[in-house]
Amino acid sequence: MAIPNLITVPSVVFLLPLWFILQSCLPCRADDSYEHVNTLMSTKFASGTYNPDLRPLNNQSRPVNVEINFALMSVVQIDDVQQRFTLNGFLSLEWTDERITWDPADYGGVNYLTPLPKNIWRPRIVLWNTLSDRDLFKDDVSPLRVRHNGLITWNPGGLFRGLCTLNMEKYPFDEQWCYIMMCPMSHYWTNLEFVPSGNEFDLSFFSPSEGWDLTETEVSVVRIETDVKKSFSSCPQFSFRLKRRPTFFIFNILLPVVILAFLNTMVFVIPTDSGEKIGYGITVLLALSVFLSTVSMMVPQASNHIPLITIYLFVQMMISVLSILASIIIVYLHHANNEDESPPNESHTSDGPILKRLFNRIGSTSSVDPIVGPSQPGGPNLNGQTSSSEANAFNYVEPSKSNVYKVLSKHINRVGFIISTIALIVSNIVFLVELQK
């Protein structure tokens, strides 16, 4: 009896791809036992043939190319007064170590190792623009992975504290450019060259900040002279742009200041007889002083650009001071009366205050002549004779200089209200226009 032919063309077409899949998965099996990994670690690191102090190249005349990027996790703090920032993130560095390569088939399919970072050569870099600890990675516990082809991935991370010169001119509607710069202190660019692995930050794990919006990021490499011998180092630079969220400042500082500036003009609306005119103006001035002190504590004291909000507050304080001075003059004129005046023949020789004598002169020149009737006592009649029978026909009216003072105070009050209103409108318009530039 003939044996049937079970191997047909359709079966071969189906079994061949399955055989290739199984063969490709053989290195992925659980053959990377403890013995294989221990043997590989001993061969590469414990034999004494690997020196972590030497650059990982067989030809030491060539530079080591290290791909680098920055993964930002959050903006922890922006200190406006000290002009500092704190970021939470980690670096991503990749390079090839030509001295650590192996065939996975010789070690049970082991494709990668995770040795301690101190046993591997790494590009030691330090923070350039910082006042805190420059060596961020001295702990040597950051994760590191070595692949069988020599590709090494190192991801050191932590809190990055740096300095940033802030431009506070348009505070709180400002945008700030800051950067983190790192430089290798033991290698020049001819021995170690950094290459950006991307033009922007890795924001896969980024959490937005409550006070700032991240609008732009940039990764670049610059060469900085780090030696008196005109030698340059390859330094990665991570720049970022932040835009402030001004909602808190608007409702707590800006709007109250604008309202107080409007109240400056109301000092001329208060009646002079109320006795609260000067006290009201001083109250507004003190409130503006408090807000100016608050804003001064929120901005750098040595800023190259004076914040517009500080200039705006100073202008409103000057308007308030001038309004108080005008109110003092208005109240003084309003309460001036005849009892404070000297007779006309003594006004020129009085030793009283200059301001009082000045208004006495104004009152004497502005007063009308006494009304003398035809039969006033001591006055001649039509025939040139004094008539005693008509002495009481007309009464003599004594001129009053206090009425002139009150009229003058009212005019000053109206002019002060108009000028302060114009100053308020102009200052607000200029402030808004400057913010839009």
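Thresholds applied
Residues numbered from 1 in each chain as written. Predicted model: local features only at pLDDT ≥ 70, side-chain atom pairs only at ≥ 80, totals over all residues. Heavy atoms only, no water. Helix = DSSP H or I, 4+ residues; strand = E, 2+ residues; numbered from the N terminus. Buried < 20%, exposed > 50% of the residue type's maximum accessible area, 1.4 Å probe, protein only. Contact = heavy atoms within 4.5 Å. Areas by Shrake-Rupley, 256 points an atom, 1.4 Å probe, with all protein chains shown as cover. Salt bridge = Lys/Arg side-chain N within 4 Å of Asp/Glu carboxyl O. Axes fitted to C-alpha atoms, helices over the stretch in contact; angles between N-to-C directions. Parallel < 35°, antiparallel > 145°, perpendicular 65-115°, else oblique. Left-handed = near helix turned anticlockwise from the far one by under 90°. Nonpolar A, V, L, I, M, F, W, Y, C, P; charged D, E, K, R; others polar. Phe/Tyr/Trp six-rings, centres within 6.5 Å; stacked < 30°, edge-to-face > 60°. Lys NZ or Arg CZ within 6 Å of the ring centre and 35° of its normal. Pairing = 2+ DSSP bridges. Patch = residues over 30% accessible without salt bridge, like charges linked within 9 Å, V, L, I, M, F, W, Y side chains within 5 Å. Polar contact = N/O pair within 3.5 Å; in protein donor to acceptor, adjacent residues only side chain to side chain. pLDDT = per-residue confidence, 0-100. Core = buried A, V, L, I, M, F, W, Y, C linked by side-chain atoms within 4.5 Å.

1. Overview of the overall build of the chain
Moving on, step 1. Secondary structure assignment for the chain yields 7 helices and 11 strands.
Moving on, step 2. Expressed as a percentage of its 437 residues, the buried residues of the chain come to 37%.
Moving on, step 3. Across the chain, the fraction of contacts at a sequence separation of at least 24, relative to all contacts at a separation of at least 6, is 74%.
Moving on, step 4. Accessible surface computed for the chain: about 25,700 Å², of which carbon and sulfur atoms make up 60%.

2. Overview of the pattern of salt bridges
Moving on, step 1. Under the criterion given, the structure shown has 8 salt bridges.
Moving on, step 2. Arg 62 is the partner of Glu 98 in a salt bridge, and the nearest nitrogen-oxygen pair spans 2.8 Å. Of this pair, Glu 98 sits in the loop between β2 (84–96) and β3 (112–113) while Arg 62 sits in the loop between α2 (34–46) and β1 (64–79), and the two are 36 residues apart along the sequence.
Moving on, step 3. For Glu 98, a relative accessible area of 29% corresponds to the partly exposed category.
Moving on, step 4. Residue Arg 62 is classed as partly exposed on the basis of its relative accessible area of 34%.
Moving on, step 5. Of the charged contacts in the structure, one is a salt bridge between Glu 193 and Arg 223, with a shortest N-O distance of 3.8 Å. Of this pair, Glu 193 sits in strand β9 (residues 192–196) while Arg 223 sits in strand β10 (residues 212–225), and the two are 30 residues apart along the sequence.
Moving on, step 6. Judged by its relative accessible area of 16%, Glu 193 falls in the buried class.

3. Some remarks on the packing of helix α4 (residues 277–298) against helix α5 (residues 308–334)
Moving on, step 1. Two elements in contact, α4 and α5, have axes separated by 9 Å at closest approach and are oriented at 165°. With respect to α5, the axis of α4 lies roughly antiparallel. Between α4 and α5 lies a crossing of left-handed hand. Contact residues: Lys 277, Ile 278, Gly 281, Ile 282, Val 284, Leu 285, Leu 288, Ser 289, Phe 291, Leu 292 and Val 295 in α4; Ile 309, Thr 310, Leu 313, Gln 316, Met 317, Ser 320, Val 321, Ile 324, Ser 327, Ile 328, Ile 330 and Val 331 in α5.
Moving on, step 2. For the contact of α4 with α5, a count of residues per class yields 16 nonpolar, 6 polar and 1 charged.

4. Quick notes on the packing of aromatic side chains
Moving on, step 1. Applying the stated criterion to the full structure yields 9 aromatic pairs.
Moving on, step 2. Look at Phe 90 and Phe 205: their rings are 6.2 Å apart centre to centre, the planes differ by 50°, and that puts the pair in the tilted class. Of this pair, Phe 90 sits in strand β2 while Phe 205 sits in the loop between β9 and β10; the two residues are 115 residues apart in sequence, bridging distant segments of the chain.
Moving on, step 3. Connected via pairs of aromatic rings, a cluster forms that spans Phe 70, Phe 160, Phe 201 and Phe 238.
Moving on, step 4. One Lys or Arg, Arg 122, reaches over the ring of Trp 154 and ends 4.9 Å from the middle of that ring.
Moving on, step 5. The positively charged end of Arg 145 is found above the aromatic ring belonging to Tyr 112, 4.3 Å away from the centroid.

5. What about the packing of helix α3 (residues 247–265) against α5?
Moving on, step 1. Close contact between α3 and α5 brings their axes to 10 Å; oriented N to C, the two are set at 25°. The pairing of α3 with α5 is recorded here as roughly parallel in orientation. In terms of crossing hand, the pair formed by α3 and α5 is left-handed. Contacts from Phe 249, Leu 254, Val 257, Val 258, Ala 261 and Asn 264 of α3 reach α5 at Ile 309, Tyr 312, Leu 313, Gln 316, Ile 319, Ser 320 and Ser 323.

6. Looking at the environment of Leu 159
Moving on, step 1. Residue position: Leu 159 is located in strand β7 (residues 157–163).
Moving on, step 2. You can call Leu 159 partly exposed: its relative accessible area is 36%.
Moving on, step 3. Separated by 71 residues in sequence, Leu 159 and Asn 88 place their C-alpha atoms 4.7 Å apart.

7. Describing the sheet that holds strand β8 (residues 175–184)
Picture the strands of a sheet paired through backbone hydrogen bonds; they go either parallel or antiparallel.
Moving on, step 1. Within the open sheet, the 4 strands sit side by side as β4-β8-β11-β10. Their pairing is antiparallel. Of all the strands in the sheet, the pair left with one neighbour each is β4 (125–127) and β10. Strand-to-strand twist across the sheet, computed as the mean angle between neighbouring axes with direction ignored, equals 25°.
Moving on, step 2. Taken together, the 13 bridges between β10 and strand β11 (residues 232–244) define a ladder with antiparallel strand orientation. Note on β11: the bridge partner recorded for Arg 223 is Ser 234.

8. Some thoughts on a nonpolar patch on the surface
Moving on, step 1. On the surface, a nonpolar cluster with roughly 780 Å² of combined accessible area is contributed by Ile 306, Ile 311, Phe 314, Val 315, Met 318, Val 321, Leu 322, Leu 325 and Ile 328.
Moving on, step 2. Along the chain, the position of Ile 306 falls in the loop between α4 and α5.

9. Points about the side chain of Gln 83
Moving on, step 1. Its location among the elements puts Gln 83 in the loop between β1 and β2.
Moving on, step 2. Looking at Gln 83, its side chain comes within polar contact range of the main-chain nitrogen of Leu 166, at 2.9 Å.
Moving on, step 3. Beyond its immediate stretch of four places on either side in the chain, Gln 83 contacts Gly 162, Leu 163, Cys 164, Thr 165, Leu 166 and Pro 300.

10. A look at the pairing of β1
Moving on, step 1. Pairing geometry for β1 and β9, over 5 bridges, is parallel. Bridge pairing in β9 places Asn 65 opposite Glu 193.
Moving on, step 2. In the sheet, β1 pairs with β2 via 11 bridges, with the strands oriented antiparallel. The residue bridging Ser 74 from the neighbouring strand is Asn 88, located in β2.
Moving on, step 3. Hairpin connection of β1 to β2: 4 residues between the antiparallel strands, including Gln 83 at a positive phi of 55°.

11. Regarding the confidence of the model for the chain
Moving on, step 1. Model confidence for the chain is summarised by a mean pLDDT of 77, while 75% of its residues fall at 70 or above.
Moving on, step 2. Below pLDDT 50 for its whole length, residues 9–31 participates in 7 contacts with residues either more than four positions away or in separate chains.
Moving on, step 3. Taken together, the stretch residues 362–399 has pLDDT below 50 and engages in 32 contacts with residues farther than four places along the chain or on a different chain.

12. Re the nonpolar core
Moving on, step 1. Ile 180 and Phe 238 are the most contacted members of the largest nonpolar core, which totals 67 residues.
Moving on, step 2. Each residue touching Phe 238, except ones within four places of it in the same chain, is listed here: Ile 68, Asn 69, Phe 70, Leu 91, Cys 178, Tyr 179, Ile 180, Met 182, Phe 201, Glu 218 and Val 219.

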